[in-house]
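Residue strings, one per chain:
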Amino acid sequence: MAFVTKCPHCEVTRFEVKEIEPVDSTYKLTAIQCVGCGAPIGVMDFWNIGTLLKKQEKQISDLSSRLQNMEHTLSQIAQVLRR
């Protein structure tokens, strides 16, 4: 038997995602709401945290690689200067 989510207010079974900006909030949110009456059935972060973390992880990795390259170059310069 398949489970069908129904709006607790009007029993419509279709929902949509809407961007919301609550009063006095510094963050946008995403509301999942009933297509029929607009009643919210859930709220989630506006930004996908997993995607943001992966993006930050890549930026950190790129910076780390660049630092390693700089360390290598500085080491070579130091060797030349010691000669």
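Residues numbered from 1 in each chain as written. Predicted model: local features only at pLDDT ≥ 70, side-chain atom pairs only at ≥ 80, totals over all residues. Heavy atoms only, no water.

Peer 1: Provide a residue-level description of the packing of aromatic side chains, including the pertinent values.
Peer 2: Scanning the model with the defined rule gives one aromatic pair in all. The interplanar angle of 85° and the centroid separation of 5.0 Å between the aromatic rings of Phe46 and Trp47 together place this pair among those described as edge-to-face. (Phe/Tyr/Trp six-rings, centres within 6.5 Å; stacked < 30°, edge-to-face > 60°.)

Peer 1: A description of the sheet that holds strand β1 (residues 15–20) should follow, citing residues and the corresponding values.
Peer 2: The sheet built from three strands is open, its strands ordered β1-β2-β3 with antiparallel pairing. Strand pairing shows two members of the sheet lacking a second neighbour, β1 and β3 (40–45), which therefore form its edges. When the angles between neighbouring strand axes are averaged without regard to direction, this sheet yields 25°. Relative to strand β2 (residues 29–34), β1 is paired through six bridges, and the arrangement is antiparallel. Residue pairing for β2: Glu19 is matched across the bridge by Thr30. (Pairing = 2+ DSSP bridges. Helix = DSSP H or I, 4+ residues; strand = E, 2+ residues; numbered from the N terminus. Axes fitted to C-alpha atoms, helices over the stretch in contact; angles between N-to-C directions.)

Peer 1: Kindly report on the side chain of Thr30, identifying the contributing residues and their values.
Peer 2: In this structure, Thr30 sits in strand β2. Apart from residues lying up to four places away in sequence, Thr30 is in contact with Val17, Lys18, Gly42, Val43, Met44, Asp45 and Phe46. (Contact = heavy atoms within 4.5 Å.)

Peer 1: Summarise the pattern of salt bridges; cite the residues concerned and give the values.
Peer 2: Per the stated rule, a full pass over the model turns up three salt bridges. As a salt-bridge pair, Lys58 and Asp62 come within 3.1 Å of each other at their nearest N and O atoms. Placement of both Lys58 and Asp62 in helix α1 (residues 49–82) is noted, with a separation of four residues, approximately one turn of the helix. (Salt bridge = Lys/Arg side-chain N within 4 Å of Asp/Glu carboxyl O.)

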